[in-house]
Amino acid sequence: MQTDFQRAHAKMLATYEAPHNLPVPVFAKLAGKSRDQINREIKGKRAAIPS
């Protein structure tokens, strides 16, 4: 049985690893942002748009 945290983590990993998405480090480099900054924007549900 999974905890709420495990389910949320699995969902986040599935989103990160979806074939139509760039890997976070690649997207961060293209956006001119740090990987940590991109992860915070994703968790905060703010749009992460390359600048």
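Residues numbered from 1 in each chain as written. Predicted model: local features only at pLDDT ≥ 70, side-chain atom pairs only at ≥ 80, totals over all residues. Heavy atoms only, no water.

(A) Region of interest: the overall build of the chain. Regarding its fold elements, the chain presents 3 helices and 0 strands. In sequence order, the chain lays out its α and β elements as α-α-α. If you line up the chain on its principal axes, its C-alpha atoms span 40 × 20 × 15 Å. Put simply, the chain has 51 residues, and 16% of those count as buried. (Helix = DSSP H or I, 4+ residues; strand = E, 2+ residues; numbered from the N terminus. Buried < 20%, exposed > 50% of the residue type's maximum accessible area, 1.4 Å probe, protein only.)

(B) Up close: the packing of helix α2 (residues 24–31) against helix α3 (residues 35–43). Contact pair α2 / α3: the axes reach a minimum separation of 8 Å and the direction vectors enclose 100°. Taken together, the axes of α2 and α3 lie roughly perpendicular to each other. For the pair α2 and α3, contact is made by Val-24, Pro-25, Phe-27, Ala-28 and Ala-31 and by Arg-35, Ile-38 and Asn-39, respectively. Class assignment of the residues belonging to the contact of α2 with α3 gives a composition of 6 nonpolar, 1 polar and 1 charged. (Axes fitted to C-alpha atoms, helices over the stretch in contact; angles between N-to-C directions. Parallel < 35°, antiparallel > 145°, perpendicular 65-115°, else oblique. Contact = heavy atoms within 4.5 Å. Nonpolar A, V, L, I, M, F, W, Y, C, P; charged D, E, K, R; others polar.)

(C) Local environment of the environment of Thr-3. Tracing the backbone shows Thr-3 in the segment before α1 (4–16). Put simply, Thr-3 and Val-26 are 23 residues apart on the chain and 31 Å apart in space, counted from C-alpha to C-alpha.

(D) The arrangement of α3 in detail. Within α3, burial applies to Ile-38, Asn-39 and Glu-41. The buried residues of α3 occupy an angular sector of 160° when the element is viewed end-on, so they sit on one face. If you follow the buried residues of α3, they end up packed against α1 and α2. Of the residues trailing α3, Lys-45 is marked for its positive phi of about 60°. (Arc of directions from axis to C-beta.)

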